[in-house]
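If you want the building blocks of each chain, they are given just below.
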Amino acid sequence: MVAAIRTSDEYVPELSLVAEVDGTVVGHCMLGRKALLGVTAPPVLALGPLSVLPSWQRRGIGSQLVSTAQQVATHRGKEALIVLLGEPDYYPRFGFLPARDFGIQPDWPAAMVYPLVIDLTDYRGAEIPH
Ligand SMILES: CC(C)(COP(=O)(O)OP(=O)(O)OC[C@H]1O[C@@H](n2cnc3c(N)ncnc32)[C@H](O)[C@@H]1OP(=O)(O)O)[C@@H](O)C(=O)NCCC(=O)NCCS
């Protein structure tokens, strides 16, 4: 997935993050720029993949990667929202909300949205590609 995103139009270098401990990469998080289906609204950011080496999990590295990505995305100010299809028990702690709350499909618990602006009306009826 990383290689495919890096060579595509979706690649946003400033949103390809690694976590490093003593010179070793122990985790990474990537947000790509992606068009949602069914709307003409501008592309959004899609979070994924996110991973932390098993021996380094549960030490806050995944949380640091996600919250740093949210800060960079907010500061960048070019997209209206971050979408993802992921673990519904993990992402709500970072403020991700069910996509259905914004009228965005698919209507799955895994489909989540982190708004970067107040008004997401332009994305109502959109679908996250899967
Ligand atoms: C998900 C992942 C990135 C979390 O990284 P991490 O560095 O362990 O995360 P943190 O230390 O910041 O947070 C750990 C918390 O996340 C929870 N968590 C980890 N994986 C989880 C999962 N799949 N579902 C729900 N909660 C999960 C842990 O229970 C822990 O909760 P606690 O703090 O209440 O005990 C890591 O477990 C991983 O790489 N998993 C394999 C790849 C993957 O599933 N990626 C996400 C795809 S949606």
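One can find the structure itself at the top, above this paragraph.
Given the structure is predicted, the values throughout are model-derived calculations rather than measurements.

Caption draft 1: Fine view of the overall build of the protein. If you tally the helices and strands in the protein, you get two helices and six strands. Projecting the C-alpha coordinates of the protein onto the three principal axes gives extents of approximately 45 × 30 × 25 Å. Here the protein holds 130 residues, and the buried ones make up 39% of them. A separation threshold of at least 6 residues defines the contact pool for the protein, and within that pool the share at least 24 residues apart is 56%. About 7300 Å² of surface is accessible on the protein, with carbon and sulfur atoms providing 52% of the total. Within the protein, one finds 10 positive and 13 negative side-chain charges whose respective centroids are separated by 3 Å.

Caption draft 2: Structural view of the site of the ligand. Around the ligand, 16 residues are found, and the nearest of them are Val52, Arg58, Gly60, Gly62 and Ser63. Val52 places a polar main-chain atom, nitrogen or oxygen, 2.8 Å from an oxygen atom of the ligand. Contact distances for the ligand include 2.7 Å between an oxygen atom and a backbone N or O atom of Gly60. For the ligand, whose unbound accessible area comes to 870 Å², protein coverage reaches 63%.

Caption draft 3: Expanded view of the pairing of strand β4 (residues 81-85). Among the five residues in β4, four count as buried, and that is most of the element. As defined by bridge partners, strand β3 (residues 44-52) adjoins β4 across two bridges and the pair is classed as parallel. Residue pairing across strands places Leu45 opposite Ile82, the latter belonging to β4. Following the chain from β3 across helix α2 (residues 61-76) to the adjacent parallel β4, one finds a crossover that is right-handed. Pairing between β4 and strand β6 (residues 111-115): five bridges, direction antiparallel. For Leu81, the partnering residue across the bridge sits in β6 and is Pro115.

Caption draft 4: Here's a closer look at the pattern of salt bridges. Scanning the entire structure with this criterion turns up four salt bridges. With its nearest N and O atoms 2.6 Å apart, the salt bridge here joins Arg33 to Glu79. Pair noted here: Arg33 is in strand β2 (residues 24-34) and Glu79 is in the loop between α2 and β4, with a separation of 46 residues, a long-range link. Between Asp107 and Arg100 there is a salt bridge, with its nearest N and O atoms 2.4 Å apart. Residue classification places Arg100 among the partly exposed positions, given a relative accessible area of 44%. One salt-bridge network, in which partners are shared between bridges, spans Glu14, Arg33, Arg76 and Glu79.

The rules behind each value
Residues numbered from 1 in each chain as written. Predicted model: local features only at pLDDT ≥ 70, side-chain atom pairs only at ≥ 80, totals over all residues. Heavy atoms only, no water. Helix = DSSP H or I, 4+ residues; strand = E, 2+ residues; numbered from the N terminus. Buried < 20%, exposed > 50% of the residue type's maximum accessible area, 1.4 Å probe, protein only. Contact = heavy atoms within 4.5 Å. Areas by Shrake-Rupley, 256 points an atom, 1.4 Å probe, with all protein chains shown as cover. Lys, Arg positive; Asp, Glu negative; His and termini not counted. Charge placed at Lys NZ, Arg CZ, Asp CG, Glu CD. Near = heavy atom within 4 Å. Polar contact = N/O pair within 3.5 Å; in protein donor to acceptor, adjacent residues only side chain to side chain. Pairing = 2+ DSSP bridges. Right-handed = clockwise from strand over helix to strand, strands pointing away. Salt bridge = Lys/Arg side-chain N within 4 Å of Asp/Glu carboxyl O.

Remember, this is a structural readout, not a statement about activity or role.
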